[in-house]
Amino acid sequence: MKLQKIYDGFAETYDQNRGLFDMTEVFESFYGCLDVKTGNLLDLGCGAGEPFARLFVDRGWTVTGVDFSQRMLELASKYVPEMKTIHADMRQVEFEPNQFDAIIATYSLFHIPSNEHATLFEKLYSWLRPNGKALFTYATKEYTGSVEFDGYINFMGQDLYYSHTSPEKLYSILQSIGFQIESTNYRNIGDETFLWVTVSPKG
Ligand SMILES: C[S@@+](CC[C@H](N)C(=O)[O-])C[C@H]1O[C@@H](n2cnc3c(N)ncnc32)[C@H](O)[C@@H]1O
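Residues numbered from 1 in each chain as written. Predicted model: local features only at pLDDT ≥ 70, side-chain atom pairs only at ≥ 80, totals over all residues.

### With respect to the site of the ligand
No. 1: Lining the immediate environment of the ligand, one finds 18 residues, of which Tyr7, Gly45, Gly47, Ser69 and Ser108 sit closest.
No. 2: Taken together, the elements giving at least two residues each to the shell around the ligand come down to helix H1 (3-16) and strand S2 (62-67). (Near = placed C-beta within 6 Å. Helix = DSSP H or I, 4+ residues; strand = E, 2+ residues; numbered from the N terminus.)

In structure tokens, the structure reads:
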């Protein structure tokens, strides 16, 4: 089944499990390093908009969420009605340069083939304002069991596509685009370990 349809099917479960994991520390550590306290946020693979889009909206931010699952966006319109949503594949959307003070892609980028990550990161680089920052979750061997991975892992009874290269290659790609790496943290949340990366355009 296509990932998009799988996430449509997951929407109910997501709805039932909302608020299960406390992301306050993740949010506060990213929010705390932003240069502006209100601004424009882009959330790629926003899902139901919780917790991150909601937390930014609550702090006065203007939030644009992109997701290719219609059902997840329906939930988002319930929980974060203030968010502008775009029903699209994040690889297809286009924005004017220097539009966003912050960009997040939490638990979503690992569904994009790793050989397409550089193109997507180049777009993020152009969409961010010079003092902006981006936060994303990256899969590593701690989740998939391989240093580089391109395949399927069963999640909640469905085979989901995941893809990643090694952290070292990821950092090299980011730096060659012009990002500086602000922080990298392996976080275990809900018994799943992912790498959380914060980057900003080099000054
Ligand atoms: C695990 S959920 C994460 C949702 C939310 N970001 C969070 O942190 O809870 C992954 C989301 O990414 C979306 N997604 C995955 N690949 C996508 C793509 N290529 N374009 C747009 N959305 C995508 C899915 O539809 C799903 O809503």
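### Structural notes on H1
Owing to its 3.6 residues per turn, the α-helix brings residues three or four apart onto one side.
No. 1: Taking 1.5 Å per residue, 14 residues should reach 20 Å; H1 reaches 20 Å between its end C-alpha atoms and fits that length.
No. 2: Within H1, the axis deviates most sharply at phenylalanine 10, by approximately 40°. (Expected span 1.5 Å × (residues − 1). Bend = angle between axes of the 7 residues up to and from the residue.)

### Observations regarding the nonpolar core
No. 1: If you look at the biggest cluster of nonpolar residues, it comprises 51 residues, and the most contacted ones within it are Leu41, Ala76, Ile103, Ile104, Ala134, Phe136 and Tyr138.
No. 2: Setting aside chain neighbours within four positions, we find alanine 76 in contact with Cys46, Gly47, Ala48, Gly49, Gly65, Met83 and Thr85. (Core = buried A, V, L, I, M, F, W, Y, C linked by C-beta atoms within 7 Å. Buried ≥ 20, exposed ≤ 12 C-beta atoms within 10 Å, placed from the backbone. Contact = placed C-beta atoms within 7 Å.)

### Thoughts on the environment of aspartate 191
No. 1: When you line up the elements, aspartate 191 lands in the loop between strand S8 (179-189) and strand S9 (192-201).
No. 2: For aspartate 191, a count of 6 C-beta atoms within 10 Å translates into the label exposed.
No. 3: Separated by 144 residues in sequence, aspartate 191 and glycine 47 have C-alpha atoms that sit 20 Å apart.

### Observations concerning the sheet that holds S8
No. 1: What the 7 strands build is an open sheet, ordered S3-S2-S1-S4-S5-S9-S8; its pairing is mixed. In this open sheet, the two edge strands, each paired with only one partner strand, are strand S3 (84-87) and S8. Strand-to-strand twist in this sheet, taken as the mean axis angle between neighbours without regard to direction, amounts to 15°.
No. 2: As paired strands, strand S1 (residues 40-44) and strand S4 (residues 100-105) are joined by 3 bridges and run parallel to one another. In the sheet register, leucine 41 faces S4, and the bridge partner there is alanine 102.
No. 3: Those strands touched by helix H4 (residues 70-79) are S2 and S3, and its axis lies near 175° from that of S3. (Pairing = 2+ DSSP bridges. Axes fitted to C-alpha atoms, helices over the stretch in contact; angles between N-to-C directions.)

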